[in-house]
Amino acid sequence: MPIRPLKILLLILLTQSTIAQTRILKGIVKDAHSDERIPFASMQFQKQKTGKLSDSAGSFIFHFNEWPSDTLIISYVGYQDFKLPFDSFLLSRAKNNVLDISVLMERGNFAAVVVKKKIDRGLLMWKRIVKHKPQNDRYRFHNFSYELYNKLEVDLKNIKREKWENLPFIRKFNFVLNNIDTTEEGVPYLPVYITEAISDYYFQKTPLRRREVFRGTKTMGVNNESVSKLLGGIDQNVNFYANFIPVFDKQFVSPISDNGDAFYNYKVLDSQFVNGRRLIHFFFIPKHKGQNTFEGDCWVHDTTFAVQKMNLRLGKDANLNYVNRLSLIQEFSMLNDSTWFLTRDKFVVDLSLLSGEKEKVLSAIGRKTTTYKNIVVNDTSVTHELAKNKLIEETIFPPQANNAPDSFWVQNRHEELSPTEKKLYQTIDTLLKLPAFQRAIKTVNFLATGYLDIGKFEIGPWYNWLYANTLEGTRFRFDLGTNEKMFKKLYLHGYLAYGTKDQQFKYEGDFLYLFKKNPRTYIAAKYSKDLDYGQNYLDEVSQDNIFALTIRKNGVPIKFMKTELMQMDLFKEWHSGLSVTLTGSRRLYNPLLNLPEKEIFNDGNGATEPLNTFETSVQLRWAYLEKFLDGDFYRYSLGSPYPILSFKYTRGIKGVLNSHYDYSKISGSVSDYLKISPYGNLYYSVFAGKTFGTLPFMLLDVAPGNEIYYYNKYAYSLMNRWQYLHDKYAGFNFEHNIGSGIFRFTKLTRRLKFRQFYTVKGLWGSLSEQNRALNMPAGSTYTFQSLDGKTYMEIGTGVDNIFKVLRFDFVWRVLPQPLPEAASQRFGVFGSFRLQF
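Conventions we followed
- Residues numbered from 1 in each chain as written.
- Predicted model: local features only at pLDDT ≥ 70, side-chain atom pairs only at ≥ 80, totals over all residues.
- Heavy atoms only, no water.
- Helix = DSSP H or I, 4+ residues; strand = E, 2+ residues; numbered from the N terminus.
- Contact = heavy atoms within 4.5 Å.
- Areas by Shrake-Rupley, 256 points an atom, 1.4 Å probe, with all protein chains shown as cover.
- Buried < 20%, exposed > 50% of the residue type's maximum accessible area, 1.4 Å probe, protein only.
- Pairing = 2+ DSSP bridges.
- Patch = residues over 30% accessible without salt bridge, like charges linked within 9 Å, V, L, I, M, F, W, Y side chains within 5 Å.
- Salt bridge = Lys/Arg side-chain N within 4 Å of Asp/Glu carboxyl O.
- Lys, Arg positive; Asp, Glu negative; His and termini not counted.
- Charge placed at Lys NZ, Arg CZ, Asp CG, Glu CD.
- 1 Å grid on protein atoms, 1.4 Å probe; cavity = no way out; pocket = protein on both sides within 12 Å on 5 of 7 lines; lining within 4 Å.
- Points joined across faces, edges and corners; volume = space filled by probe spheres on them.
- Nonpolar A, V, L, I, M, F, W, Y, C, P; charged D, E, K, R; others polar.
- Axes fitted to C-alpha atoms, helices over the stretch in contact; angles between N-to-C directions.
- Expected span 1.5 Å × (residues − 1).
- Phe/Tyr/Trp six-rings, centres within 6.5 Å; stacked < 30°, edge-to-face > 60°.
- Arc of directions from axis to C-beta.
- Core = buried A, V, L, I, M, F, W, Y, C linked by side-chain atoms within 4.5 Å.

### Description of the overall build of the protein
Summing up its helical and strand segments, the protein has 12 helices and 43 strands in all. In the protein, of all internal contacts separated by at least 6 residues, the share reaching a separation of at least 24 is 64%. On the protein, roughly 41,400 Å² of surface is accessible, and the fraction owed to carbon and sulfur atoms is 57%.

### Regarding the pairing of strand S10 (residues 188-204)
Most of S10 sits inside the fold, with 15 of its 17 residues counted as buried. For strand S8 (residues 143-157) and S10, the ladder comprises 15 bridges, and the chain directions are antiparallel. By the bridge assignment, tyrosine 146 is partnered in S10 with tyrosine 201. As judged from the nine bridges shared by S10 and strand S11 (residues 209-218), these two strands associate in the antiparallel manner.

### Some words on a positive patch on the surface
There is a patch of like positive charges on the surface, built from Lys289, Lys316, Lys747 and Arg751. A relative accessible area of 69% places lysine 747 in the exposed class.

### Things to note about empty space enclosed by the protein
Tallying each qualifying case throughout the model produces six cavities of 30 Å³ or more. Taken as a whole, the largest cavity spans an internal volume of roughly 90 Å³. Every residue lining the largest cavity is counted, 17 residues in all, and those nearest its centre are Asp31, Glu36, Tyr79, Asn311 and Arg313. Only strand S17 (307-314) and strand S18 (323-334) provide two or more residues apiece to the lining of the largest cavity. Ranked by the residues each element gives to the lining of the largest cavity, the list is headed by S17, at four residues. Of the residues that constitute the lining of the largest cavity, the class distribution is seven nonpolar, three polar and seven charged.

### Section: the side chain of threonine 749
Within the secondary structure, threonine 749 sits in helix H11 (residues 747-752). For threonine 749, a relative accessible area of 14% puts it in the buried group. Discounting chain neighbours no more than four positions away, the residues touching threonine 749 are Phe743 and Phe754.

### So, the sheet that holds strand S6 (residues 82-85)
Spatial strand order, S3-S2-S5-S6: four strands in an open sheet with antiparallel pairing. The open sheet is flanked by strand S3 (51-53) and S6, the only strands paired with a single partner. This sheet shows a mean twist of 15 degrees between the axes of neighbouring strands, independent of strand direction. Here strand S5 (residues 71-75) runs beside S6; their pairing, made up of four bridges, is antiparallel. The partner of isoleucine 74 across the bridge, within S6, is phenylalanine 82.

### With respect to unusual backbone geometry
Here the residue pair asparagine 518 and proline 519 is connected by a cis peptide bond, since its omega of -5 degrees sits within 30 degrees of zero. Following the sequence through the fold, proline 519 ends up in the loop between strand S27 (505-516) and strand S28 (521-532). Residues glutamine 817 and proline 818 are joined by a peptide bond in cis, for which omega reads -5 degrees. Mapped onto the elements, proline 818 comes out in the loop between strand S42 (806-815) and strand S43 (827-833). A positive phi angle is found at asparagine 96, which is not glycine, with a value near 55 degrees. Mapped onto the elements, asparagine 96 comes out in the loop between helix H2 (88-91) and strand S7 (98-105). Phi angles above zero are rare outside glycine, and leucine 657 is one such case at about 55 degrees. Inspection of the secondary structure puts leucine 657 in the loop between strand S34 (644-652) and strand S35 (663-675).

### So, the sheet that holds strand S4 (residues 59-64)
The strand order across the open sheet formed by three strands is S4-S1-S7, and the pairing between neighbours is mixed. The open sheet has two edge strands, S4 and S7, and neither has a second partner. Recorded for the sheet is a direction-independent mean angle of 20 degrees between the axes of neighbouring strands. Looking at chain direction, strand S1 (residues 23-31) and S7 are connected through eight bridges and run parallel. Looking across to S7, one finds that leucine 25 is bridged to leucine 99.

### Here we look at the environment of glutamine 272
Tracing the chain through its elements places glutamine 272 in strand S14 (residues 264-274). A relative accessible area of 17% means that glutamine 272 is categorised as buried. In the structure, glutamine 272 is positioned 217 residues away from aspartate 55 in sequence and 9.6 Å away in space, judged by C-alpha atoms. Excluding its chain neighbours within four sequence positions, the residues that come into contact with glutamine 272 are Phe40, Leu53, Arg277, Arg278, Leu279 and Trp299.

### Topic: helix H10 (residues 435-449)
End to end, H10 covers 21 Å across 15 residues, agreeing with the expected 21 Å (1.5 Å per residue, within 8%). Three or more residues of H10 are buried, namely Ala436, Phe437 and Phe446. Contact partners of the buried residues in H10: helix H9 (419-432) and strand S22 (452-454). The first or second residue beyond H10 is glycine 450, which carries a positive phi of 95 degrees.

### Here's the deal with the packing of aromatic side chains
By the definition in use, this model includes 53 aromatic pairs. Geometrically, the ring pair formed by phenylalanine 446 and tryptophan 465 is tilted, given 6.1 Å between the ring centres and 40 degrees between the ring planes. One end of the pair, phenylalanine 446, is in helix H10; the other, tryptophan 465, is in the loop between strand S23 (457-459) and strand S24 (466-469), and 19 residues separate them in sequence. We classify phenylalanine 446 as buried; its relative accessible area is 16%. Residues phenylalanine 734 and tyrosine 758 carry aromatic rings whose centres are separated by 6.0 Å and whose planes lie at 40 degrees to one another, so their mutual orientation is tilted. Of the two residues, phenylalanine 734 is situated in strand S39 (residues 728-739) and tyrosine 758 in strand S40 (residues 755-766); the sequence distance between them amounts to 24 residues. Put simply, the rings of Tyr139, Phe141, Phe144, Tyr146, Tyr201, Phe203, Phe341 and Tyr372 pair up and form one aromatic cluster.

### Points about helix H3 (residues 121-131)
Those residues of H3 that sit buried are Gly122, Met125, Trp126, Ile129 and Val130. Looking straight down H3, one finds its buried side chains confined to an arc of 135 degrees; they lie on one side. Lining the buried residues of H3 we find helix H4 (133-136), S14, strand S15 (277-286) and strand S16 (294-301).

### Focus on the nonpolar core
One finds Met125, Phe282, Phe284, Phe294, Met310, Leu312 and Leu328 to be the most contacted residues of the largest nonpolar core, which totals 46 residues. Looking at this core element by element, the count peaks at five residues for S18. Core analysis: the second largest hydrophobic core is formed by 28 residues, Ile38, Ala41, Phe64 and Tyr79 among them.

### Some words on the pattern of salt bridges
The final tally for this structure, using the stated rule, is 38 salt bridges. One salt bridge in this structure joins lysine 346 and glutamate 36, with 3.6 Å as the shortest N-O distance. Highlighted residues: lysine 346 in strand S19 (residues 340-351) and glutamate 36 in the loop between S1 and strand S2 (42-45), separated in sequence by 310 residues. Accessibility assignment for this pair places lysine 346 and glutamate 36 in one class, buried. Each of Glu36, Lys309, Glu331, Arg344 and Lys346 takes part in a single network of salt bridges with overlapping partners.

In structure tokens form, the structure reads like this:
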């Protein structure tokens, strides 16, 4: 009996000695790009041939009596092997005989999928997943709702302080560089922006209804409701179970698409048990080069064949600009024994003007994390909330949601901010208050948009300041307008121009008063006296700026007409997308050069201004669920998922303000932009109109021609301005952007990311004998043409995405026959610039 305490004491001493001698290696295996943990990574010692797998959270731990003289090799499908030698450098990092590390796996090439067995287990697994999609896709429910938390972060990568701190435009903001950090792989980065949003999202399948109610947004430096809405669930909704997955403005084929076997090769690797459920590891690679597809892997529940987690990475040959690397991750959790629902998704992208993952140049990293809480399915509370909708889709943004207080975020954000993220908010707040930073932002905005705010006024655009032509000589123009600091709802603008050759001033004054921004209601008016270059509303590049001089077609004279215009518009819009514009306008026309003289239209009554007209019009436009990016007074359309319809009726009234003409006009159009994945996208426009009355040429329909070598999507490339005249017309405009197309079949064009397209434009038109006699009298110095019921048609193709910004169109005129003798009206090459992903 007295010996027992001694044994206990010896046992304690031996245990302590063993613990003191134990060496521990522990850590986490993660994706170097997305920072996502990698579950069940293989870990094996090179010499001993022993090892284990990381757990379902990517964690691992080893215990040693002595540090091994060996190398630990970590491997996982789709990644380069990570070799961890137990050398003096590694062991020097141990603290109290514990090494705590993060293993960052870099992506590598997927091994080719070779099926040697009679049964292709990978293809069989894909078929089972597709078969069970109707039971696993969250859109199978009659309705659902959840609380949505979005966090978007932007970092600058490969930024070195010693190279930046001495730059003249950075010196005043050197404190920002204090935030430079280093990733676990040793790459310097600077967090520059962060924004958050919390909303309640509601969905109903039949009848289709969507509703989102924002509870809070935090967008420092961006006080714009239309921008904040883009952070919500309606505009950022990615569904891996869908056939196509949006990546910026492109559509990529989902690995579990209904036709996925035409685009991917599949393989089943192994299986693991997590929380008592068997998960099958399934991976995929693109079957063909040059297509917009992913590579990656996923874990699939073996009973329901539901995806538990999927990792998508950008395919090596995907035709996407400025994107070096991209990761898409979605995780699903079980709400009950059989119901899987999306609970987290993550989007990580590296953006750079230069291509290639190994570029050591400045680039941007965007990280968007979305989490889902308080998920409710098939519940009357959802239908009750959706009953408030007047439209299929509504986004509610209460005033109190904009920049909600810190107390709201502490209580409601789904995950706590890291110390770096908290510090970033403080830095942004300090930066936005610096006068020097505000001046820098103004300068960049001025160069990019052409406009510069000076106090309560704005000047610009700068590219209209200088121009030259044969009539005016050198033309100088200066614009001055107000901004929101002067008036919140009223915009005043005007310009003054002067030509050194004609020695005449031209000018304009206009205003816009916004009664309501959403839905939009305003009144606008303007008075102008200037040259009208014709159909300016169709131009992607206007004709009175310094760039137009260098790209005009040779031998095509500029047509000059001076116009005095008085106009007033009243615009009213409804939530349904229907809008009406009421317009009253008076115009005095004076053709000056290379157009018929106004004297031939004199009716003999001695009128000094025979080309004087007054008209009223009503225009109806319907663009259902159209979205906009709002400015202070004007807005930019982001398009509509439905066709856009427009109808206009115009009535000219004789005698009002000495007007000389009675007439009526009707016109209408239907246009749409369609994504037809995987075959690219389509744009089409169909239009028609008719004019009732005998009128001078500027009041008839003048077919839109193009007299410069910059491609105009809305004009006929091989037709001059003021060339074809009609009082009855119909036409169409069709463009198919295919994507890689034939360029995916050669290595060089795949690498250059060329894109293929084709265009077809047609026009039918006729001119009545009365209008022909008035506008084409014998002896006139200018002769119009008319199609007289024939078809005008152009077809074109070319190369897009040259150096990521250039497009060249090769256009042929094929109708009407015989073709004109002038080669410039039979074939032409046109260029254009565009920024696109």
